[in-house]
Amino acid sequence: MNHSGTLYVVATPIGNLQDITLRALEVLRAVDVIAAEDTRHTSGLLSHFAMQKKLLAVHEHNERKAGEHLVQRLLAGESVALVSDAGTPGISDPGAVVVEMAHAAGVKVVPLPGPSAVVTALSAAGIVAPGFRFHGFLPASGSQRRTDLQSLADCSVTLVFYEAPHRVLASIADMATVLAGERMLTIARELTKTFETIHRLPLAEAVSWLEEDANRQRGEFVLLVEPAPVKEAVPVDMEAERILKLLLSELPLKQAVKLATDITGAKKNALYELALNLKQSQ
Ligand code: SAM
């Protein structure tokens, strides 16, 4: 029988302390030890809720070593709560390594849902298109940042980034250059805090908007870019479609497309797209 303790992964507020959940308070009170990204930061949170607990530091520089220690304690039957400085552990924060080690050791992992800046920002962005791609922080180096953005340029879902105040202007400038300037950007700043701002504007206008007032570059940011516009399909005329269908019934797709292009003079890409659609709908 497995007598090991439980690892609770506990989300904590991203600004407004009232956003702590009842369950998080209950678990933080009950566990034997709290593994925290920054013990001083978490002490502040605990004392706000009149709690005093044993804290253990687990940050990006010691996560594996601290994880080994925590797994020992869990296997000995202790219960552990894992928290980061703000939001959900493991989301652009340490946590995943310890969780992975716990699973590998057969320890029960229980997540406690709660605040996370990515979901909070998405809920207020009003982007109707479904789906999103969470990229987290872009690289600090300008050229690497632009390469990352280039690889995301055609992504058909909303892009979500985290950004620090000292890089927000440079990152948005790169987004405006690499992604289409007419795409809408949502700047979600200081969520749940006193100076919370949610501002939507086309990417091409964002740099001058940020420069107009230095306060607009202060604080913590989530940046959301609406999906890339869908590329218009090139129409294929009825005769070219008829010939393509005939050829597809006799030949492999590539050969049929090539021959149909030669015969009809229609655009090869358009015939290729159509051929793929026809195959899929068979
Ligand atoms: N684990 C956290 C979560 O679940 O959202 C994220 C931690 S990550 C180290 C910190 C980044 O999240 C910040 O630099 C900022 O981009 C974003 N962030 C955190 N709190 C925020 C807030 N109140 N408003 C806007 N962005 C925030």
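Not measured: the values here are computed from a predicted model.

> Any details on the nonpolar core? Residues and values, ideally.
Counting residues in hydrophobic clusters, the biggest one holds 22 residues, and the most contacted among them are Phe 161, Met 175, Leu 179, Leu 185, Ile 187 and Leu 223. The set of elements that each furnish at least two residues to this core consists of helix 6 (142-152), strand 7 (158-163), helix 7 (168-178), strand 8 (184-189), helix 8 (203-212) and strand 10 (221-225). The residues touching Phe 161, leaving out its near neighbours within four places in the chain, are His 135, Gly 136, Leu 138, Leu 149, Leu 152, Met 175, Phe 221, Val 222, Leu 223 and Val 225. Of all hydrophobic cores here, the second largest spans 17 residues; its members include Val 27, Ile 34, Ala 81 and Val 110.

> Tell me about the sheet that holds strand 8, residues and numbers included.
Judged by pairing direction, the sheet is mixed, and its five strands sit side by side in the order 6-7-10-8-9 without closing on themselves. Every other strand in the sheet has two partners, leaving strand 6 (132-137) and strand 9 (197-202) as the edge strands with one partner each. On average, each strand axis in the sheet is tilted by 15° relative to the strand beside it, whichever way the strands run. Two strands pair when backbone bridges link them, and strand 8 and strand 9 are joined in this way by six bridges, in the antiparallel orientation. Across the sheet, the residue bridging to Ala 188 is Ile 198, located in strand 9. Along the sheet, helix 7 makes contact with strand 7, strand 8 and strand 10, crossing strand 10 at roughly 5°.

> Before we move on, can you summarise helix 9 (residues 238-248) with the specific residues and values?
Every buried residue of helix 9 is accounted for by Ala 240, Ile 243, Leu 244, Leu 247 and Leu 248. The buried residues of helix 9 occupy one face: seen down the axis, they fall within an arc of 135°. N-cap assignment for helix 9: the residue whose side-chain oxygen lies 3.1 Å from the backbone N of Glu 239 is Asp 237.

> Explain the packing of aromatic side chains to me, and be specific about the residues and the numbers.
In total, this model carries two aromatic pairs according to the counting rule given. Each ring, one from Phe 134 and one from Tyr 162, has its centre 4.9 Å from the other, and the planes form 70°; the classification is edge-to-face. Of this pair, Phe 134 sits in strand 6 while Tyr 162 sits in strand 7, and the two are 28 residues apart along the sequence. In this structure Tyr 162 comes out as buried when scored by relative accessible area, which is 8%. The rings of Phe 134, Phe 137 and Tyr 162 are connected pair by pair, giving a single aromatic cluster.

> Outline the pairing of strand 6, listing residues and values.
For strand 6 and strand 7, the ladder comprises five bridges, and the chain directions are parallel. Residue pairing for strand 7: Phe 132 is matched across the bridge by Thr 158.

> Which residues make up unusual backbone geometry, and what are the values?
Phi is positive for Ser 92, close to 50°, though the residue is something other than glycine. With respect to the secondary-structure elements, Ser 92 resides in the loop between strand 4 (80-83) and helix 4 (96-104). Exposure remark for Ser 92: the relative accessible area of 33% places this residue in the partly exposed category.

> A description of helix 8 should follow, citing residues and the corresponding values.
Within the sequence span of helix 8, burial applies to Leu 203, Ala 206, Trp 209 and Leu 210. The buried residues of helix 8 all sit within an arc of 95° when viewed along its axis, so they share a single face. For helix 8, the exposed residues set more than 90 degrees away from the buried face come down to Ala 204, Glu 211 and Glu 212.

> Break down the domain arrangement of the protein for me, with residues and values.
Here the protein is partitioned into domain 1 (6-115), domain 2 (118-225) and domain 3 (238-281). Using only C-alpha atoms to locate each centre, domain 1 and domain 3 end up separated by 57 Å.

> Describe the packing of helix 10 (residues 253-264) against helix 11 (residues 268-280), naming the residues involved and giving the relevant values.
Angle between the axes and distance between the axes are the two parameters that describe a pair of packed helices. Running from amino to carboxyl end, helix 10 crosses helix 11 at an angle of 135°, the nearest separation of the two axes being 9 Å. With respect to helix 11, the element helix 10 is oriented oblique. The element helix 10 and its partner helix 11 pack so that their crossing is right-handed. In this structure, helix 10 contributes Leu 253, Val 257, Ala 260, Thr 261 and Thr 264 to the contact, and helix 11 contributes Lys 268, Leu 271, Tyr 272, Ala 275, Leu 276 and Lys 279. Here the contact of helix 10 with helix 11 is built from residues that sort into seven nonpolar, two polar and two charged.

> Give a detailed account of the environment of Leu 55, specifying residues and quantitative values.
Here Leu 55 shows up in strand 3 (residues 55-57). Once residues within four sequence positions are removed from consideration, Leu 55 is found in contact with Ile 34, Thr 39, Thr 42, Ser 43 and Leu 46.

> How would you explain the sheet that holds strand 1 (residues 6-10) if you had to name every residue and give the values?
Pairing between the strands of a sheet comes from backbone hydrogen bonds, and it takes one of two forms, parallel or antiparallel. Strand order in the open sheet made by the five strands is 3-2-4-1-5, with parallel pairing throughout. Of all strands in the sheet, those bounded by a partner on one side alone are strand 3 and strand 5 (108-112). Each strand of the sheet is rotated relative to its neighbour by a mean of 25°, with strand direction disregarded. One ladder, built from four bridges, connects strand 2 (residues 33-36) with strand 4; its direction is parallel. Note that in strand 4 the partner of Val 33 across the bridge is Val 80. With respect to the sheet, helix 4 is in contact with strand 1, strand 4 and strand 5, its orientation differing from that of strand 1 by roughly 155°.

What counts and how
- Residues numbered from 1 in each chain as written.
- Predicted model: local features only at pLDDT ≥ 70, side-chain atom pairs only at ≥ 80, totals over all residues.
- Heavy atoms only, no water.
- Core = buried A, V, L, I, M, F, W, Y, C linked by side-chain atoms within 4.5 Å.
- Buried < 20%, exposed > 50% of the residue type's maximum accessible area, 1.4 Å probe, protein only.
- Helix = DSSP H or I, 4+ residues; strand = E, 2+ residues; numbered from the N terminus.
- Contact = heavy atoms within 4.5 Å.
- Pairing = 2+ DSSP bridges.
- Axes fitted to C-alpha atoms, helices over the stretch in contact; angles between N-to-C directions.
- Arc of directions from axis to C-beta.
- Polar contact = N/O pair within 3.5 Å; in protein donor to acceptor, adjacent residues only side chain to side chain.
- Phe/Tyr/Trp six-rings, centres within 6.5 Å; stacked < 30°, edge-to-face > 60°.
- Domains from an automatic or database assignment.
- Parallel < 35°, antiparallel > 145°, perpendicular 65-115°, else oblique.
- Left-handed = near helix turned anticlockwise from the far one by under 90°.
- Nonpolar A, V, L, I, M, F, W, Y, C, P; charged D, E, K, R; others polar.

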